[in-house]
Every structure is written in structure tokens, then in C-alpha cells.
2 protein chains.
Amino acid sequence: MTAQSEEPGRKRDAAATRQALLDAAAKLFAERGFDRTTVRDIAKLAGVNQSLLFRYFGSKEALFEAVIARSGREQLAATPAERLFSTSLRSMLDPAGQPNRALETYLRSSGSDGVAATIRHEVGREYAGVLATLTDAPDAELRADLALAWLMGIALVREISGLEPLAGADPDDICRLVLAATKTLLERSE
Amino acid sequence: MTAQSEEPGRKRDAAATRQALLDAAAKLFAERGFDRTTVRDIAKLAGVNQSLLFRYFGSKEALFEAVIARSGREQLAATPAERLFSTSLRSMLDPAGQPNRALETYLRSSGSDGVAATIRHEVGREYAGVLATLTDAPDAELRADLALAWLMGIALVREISGLEPLAGADPDDICRLVLAATKTLLERSE
DNA sequence: CAGCGTTGTAAGCAGACGCTTACAACGCTA
DNA sequence: TAGCGTTGTAAGCGTCTGCTTACAACGCTG
């Protein structure tokens, strides 16, 4: 646990290797989900030997947990509640250059079980918890779950199924329709 | 291609074996999706040797195609357009004893590619096409896609993620909220 | 500089996967 | 009843999976 040099051009840098694995895993888990990402792919993208993945993280599931723990709460912490829905919607509609891919990872790992399922559950609960603060209806949490479900469904049908015209539609048009419909769900009564 | 005896208690009955494989595959594909269902599981549930699966269907993908082709268009043919959304919604909310699991299969196979992806695409297009007849808005098809996306998202979050309170909510409550919100999407301008 | 923990590499293990092959048992027809 | 196509079985092929092991290279500390 001594101080580590930060200069580039290094070899034998455990911290850099860990980070490379984390970055590679975040990218691949978001693109393919947990099951369809192999430890060999992650190690190859990170440019390191695959056995190091197990040395530093113990298992593929533990790596997944580390990835989600890092990226999952970033958007929640960075986005005010009243903008979370539209921000997340736009984030999923615009695949390019989005730094936060927590929901994408969530979606593409929806078939997995084990620890991956547990983590998915927690991420979903946190998003829904924030969305629930947007309405004062007695069933606020159910409404929030339904809104989140729509988000996931749109991303599912658009990015995974490629259903037209949704897949090629203008994000603005989608936002307009969805936000109009969710007004009855998430607005305050006052 | 001669006539086949239909009496029970038979052995060496190719038609019955084919049907057993089809039934077993339909059940498992709906429950686990394409990738997570193995040909060994299908053959075991059908009570036949797994090599017969390849004799009668050629490949796992071809079996999937046969399953979808059979069950996919049943609900579409049996349900009038104006009831398709609520019927499908209730069908997905009530997992027990539902004869039609086309959308469930669609959902749980969302991670697969290859022929499975193509078939998914077609099933989605057919559902959306019917839903699009419910509104006379110029962007009717986009609205239909969004409605279908909500269906899929609700099923995803409810049955796969198990997010509460959605997962344990009364189907009636869900239907009420969702149908109220989709009124702005799918109603006619009369 | 000797010793030793740390970082990295190469090879391989056991199991699961889709699919194929070789062959046995059955039953129709000539 | 002899022949032959059909139905079913058992075994295994090649590949991929997550994960482990054995070992080499490095660099700090005594």
C-alpha cells in the first residue's frame, strides 16, 4: 500500500492494469451484457493476460459488480430528480459518446442470474426511488417503476430489436410523445 | 408421406416426437429465451434423444423459428386490434396458464442474434403494425412502437428484474395507470 | 547482492455447448 | 421372409466457457 508512481510509459503497474480491465469491462458489459461478454474479450481489449482479471477481481461476477458500483450511481448523483427521466431517455436514445451506460448495461444483462441479477435489482431500485419523488400520488413508487419500465422498453425495442420506425426516429419526437404521456404518471397534483 | 396412425400407446411415432419437441421448446424458449435454452434441455423435457431434434428441425435456430411461427401469430389472429394492447398487457402480467407466450419469448430472447434476431424483428413488426391501426395520427407507427416498447419494458422490469412494487402489483392497478397514459398515444382524434 | 513478494505469461483443466456419426430396432412392402 | 427405409439410441467431435496452475521477470528491502 505504498505510494505509486503516476508517470506514463510504465510496466508492472497493478493499478493501471486494474483500471484497464475495469474500463474494458464497462464498455463490453454495456454493449453486450454480462452473459455475452467473455473474460477473454475483456482481457484482450484491456491488453492484459486474462488470468490477471481473476487475480484482481476474483471472478467475472465480481468484476461486473465493480463496474456497476462505479458507473451505476454516477448519473444518479449528477442529475437532479426532475431531469432524470428525460436525461436517461436521451442518454439511451443517443448511443454515441454517452459516458453513462448504467441503464444500457442493466438492459443488456437482463437475461443473467446470480450476482448479476442482484446488482441489476439494486440499480433499478435506486433509479425508481429517485423517480418516485417526482409525484405525490399514493402509488408514487408503482408509477416510477412504470416510467422506468418504459425507458427500458424503448431502449430494448430500439437498440436491441431495431424495430422501425422507433429505431430510426428523431430523439426529439420520441421525447415529446413519451413526456406527454408520462405527464399523467409523474406530475404533482397541486 | 403415407397416412399415419393416430392411436395412442404408440412407439416410433415421428409426428408425436416432433410435436413433443415443439411443445418442450415453446415452453423453454418462453421461460429462458433462446440462448439460455439448450438442445439437451429441450430433448430431455420432450423425453426424446437430442439427436432427433436435429433430424426433425435441422438446427436449434430452425426449431426456434418453427416455435415462433406457430405461436407468434396466434394471438394476433385471435385478438381484435382495439383489445390487443390490454390483452397482451394482461397476458404478460399474468404468467400462469397463458397459452400465448410469443411476447415472453420475444422478450427473453432479446439478447440473441442470428436468425433469432430476425424472427424477433418480424414478430415485433407484426404487433406494432396492428397497434398502429388504433390511431390516425400521422406518426401512428412510431406511437405503436412506443406502446409496444412499454409493454416489453413492463414485462422486463416485472418478470426479469423483479423490481418492487411493480413485480407484486395488482394487474388491474397497472392496467389502469398504463391505459390512462397511453390514451394520449393511441386514441383517435375522432 | 541475496532474498522475496509483486506483476505478468503460457498452458491447461473440467464442463457445457451445438451438432454429427455409427449403429440398433422396428415395421412396411414385395 | 428378405430387404429396406424409418425411428430411436449412444457416443463422441470440436469449440468455447470461467477459472487455475506453474513458472518467469521484475524491483524493492535486508
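Not measured: the values here are computed from a predicted model.

Rules used in this analysis
Residues numbered from 1 in each chain as written. Chains lettered and ligands numbered in written order. Predicted model: local features only at pLDDT ≥ 70, side-chain atom pairs only at ≥ 80, totals over all residues. Heavy atoms only, no water. 1 Å grid on protein atoms, 1.4 Å probe; cavity = no way out; pocket = protein on both sides within 12 Å on 5 of 7 lines; lining within 4 Å. Points joined across faces, edges and corners; volume = space filled by probe spheres on them. Nonpolar A, V, L, I, M, F, W, Y, C, P; charged D, E, K, R; others polar. Contact = heavy atoms within 4.5 Å. Buried area = accessible area lost by both parts, 1.4 Å probe. Salt bridge = Lys/Arg side-chain N within 4 Å of Asp/Glu carboxyl O. Polar contact = N/O pair within 3.5 Å; in protein donor to acceptor, adjacent residues only side chain to side chain. Helix = DSSP H or I, 4+ residues; strand = E, 2+ residues; numbered from the N terminus. Least-squares fit on C-alpha atoms with pLDDT ≥ 70 in both. Buried < 20%, exposed > 50% of the residue type's maximum accessible area, 1.4 Å probe, protein only.

Regarding the layout of surface pockets
Reasoning step 1: The volume enclosed by the largest pocket comes to roughly 570 Å³.
Reasoning step 2: Around the largest pocket, the lining is made up of 29 residues, and of these A:R108, A:G111, B:S110, B:G111 and B:S112 lie nearest the centre.
Reasoning step 3: Of the residues that constitute the lining of the largest pocket, the class distribution is six nonpolar, nine polar and 14 charged.

Thoughts on the interface of chain B and chain A
Reasoning step 1: Taken together, the contacts link 42 residues of chain B with 42 residues of chain A.
Reasoning step 2: Summed over both sides, the interface between chain B and chain A buries roughly 3,500 Å², with carbon and sulfur atoms accounting for 67% of that surface.
Reasoning step 3: It is B:W150, B:L163 and B:L177 in chain B that bury the most area against chain A; as a group they hold 18% of the surface buried on that side.
Reasoning step 4: On inspection of chain B and its partner chain A, the count reaches four salt bridges.
Reasoning step 5: Across the salt bridge formed by B:D35 and A:R36, the nearest N and O atoms sit 2.6 Å from each other.
Reasoning step 6: Counting the contacts that link chain B with chain A gives 16 residue pairs in polar contact (both at pLDDT 80 or more).
Reasoning step 7: At the level of elements, α6 (102-108), α7 (115-132), α8 (140-161) and α9 (171-186) of chain B are the ones that each hand at least two residues to the side of chain B that touches chain A.
Reasoning step 8: The element that contributes the greatest number of residues to the side of chain B that touches chain A is α8(B), accounting for 15 residues.
Reasoning step 9: Considering only residue class, the side of chain B that touches chain A consists of 22 nonpolar, nine polar and eleven charged.

Observations regarding the relation of the copies chain B and chain A
Reasoning step 1: Rotating chain B by 180° and moving it 0.0 Å along the rotation axis overlays it on chain A with an RMSD of 0.0 Å. When the rotation and shift are considered jointly, the pair of chain copies conforms to a two-fold rotation axis. Rotation axis and chain B: the residue whose C-alpha lies nearest the axis is B:G153, separated from it by 1.8 Å.
Reasoning step 2: Most of the interface of chain B is mirrored in chain A: 100% of its interface residues are interface residues there too.

Observations regarding the pattern of salt bridges
Reasoning step 1: For the structure on display, the rule yields 22 salt bridges over all chains.
Reasoning step 2: Note that A:D41 is salt-bridged to A:R32, the shortest N-O span being 2.8 Å.
Reasoning step 3: For A:D41, a relative accessible area of 27% translates into the label partly exposed.
Reasoning step 4: Take A:R32: its relative accessible area is 34%, and that puts it in the partly exposed class.
Reasoning step 5: Here B:R143 makes a salt bridge to B:D139, at a shortest N to O gap of 2.7 Å.
Reasoning step 6: Relative accessible area serves as the criterion here: at 15%, B:R143 is assigned to the buried category.

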